[in-house]
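One-letter residues, chain by chain:
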Amino acid sequence: MSAVCEPPPEAFASLAEALQQPGDKAEAWVPVKLLAEDGTVVTEVRFLDSVKKR
């Protein structure tokens, strides 16, 4: 099995927008596809990317 993470432009836009808001961090959900050896999508998951501001 392998994982493929190709965030859509909306994920980056959401994160960039969140960085402009008040607060000490920004978050965005990032989709990941899990593929079988033959390239068939087994499932899709997502993880929460959290960036702390300096």
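Preceding block: the structure.
The rules behind the values
- Residues numbered from 1 in each chain as written.
- Predicted model: local features only at pLDDT ≥ 70, side-chain atom pairs only at ≥ 80, totals over all residues.
- Heavy atoms only, no water.
- Phe/Tyr/Trp six-rings, centres within 6.5 Å; stacked < 30°, edge-to-face > 60°.
- Lys NZ or Arg CZ within 6 Å of the ring centre and 35° of its normal.
- Pairing = 2+ DSSP bridges.
- Helix = DSSP H or I, 4+ residues; strand = E, 2+ residues; numbered from the N terminus.
- Axes fitted to C-alpha atoms, helices over the stretch in contact; angles between N-to-C directions.
- Contact = heavy atoms within 4.5 Å.
- Salt bridge = Lys/Arg side-chain N within 4 Å of Asp/Glu carboxyl O.
- Buried < 20%, exposed > 50% of the residue type's maximum accessible area, 1.4 Å probe, protein only.
- Arc of directions from axis to C-beta.

A. Representation of the packing of aromatic side chains in the model. On inspection of all chains with the given rule, the structure shows zero aromatic pairs. A cation sits over an aromatic face here: arginine 46 above tryptophan 29, 4.0 Å from the ring centre.

B. A look at the sheet that holds strand 2 (residues 25-35). Read from one edge of the open sheet, three strands run 1-2-3, paired in antiparallel fashion. Looking at strand neighbours, the two that pair on one side only are strand 1 (2-4) and strand 3 (41-52), the edges of this open sheet. The sheet shows a mean angle of 35 degrees between the axes of neighbouring strands, direction not considered. With 11 bridges joining them, strand 2 and strand 3 adopt antiparallel strand pairing. Counterpart to valine 32 in the pairing with strand 3 is valine 45. Helix 1 (residues 9-19) contacts strand 2 and strand 3 of the sheet and is inclined by roughly 165 degrees relative to strand 2.

C. How the structure looks around the pattern of salt bridges. Applying the stated criterion across every chain, the model contains one salt bridge. Glutamate 27 is paired through a salt bridge with lysine 25; the nearest N and O atoms lie 3.2 Å apart. Here lysine 25 falls in the partly exposed class, since its relative accessible area comes to 44%.

D. Inspection of helix 1 at higher detail. Residues of helix 1 that are buried include every one of Ala11, Leu15 and Ala18, and no others. Axial view of helix 1: buried residues confined to an arc of 65 degrees, hence all on one face. Facing away from the buried side of helix 1, by more than 90 degrees, are the exposed residues Pro9, Glu10, Phe12 and Glu17. Its buried side turned inward, helix 1 meets strand 2 and strand 3.

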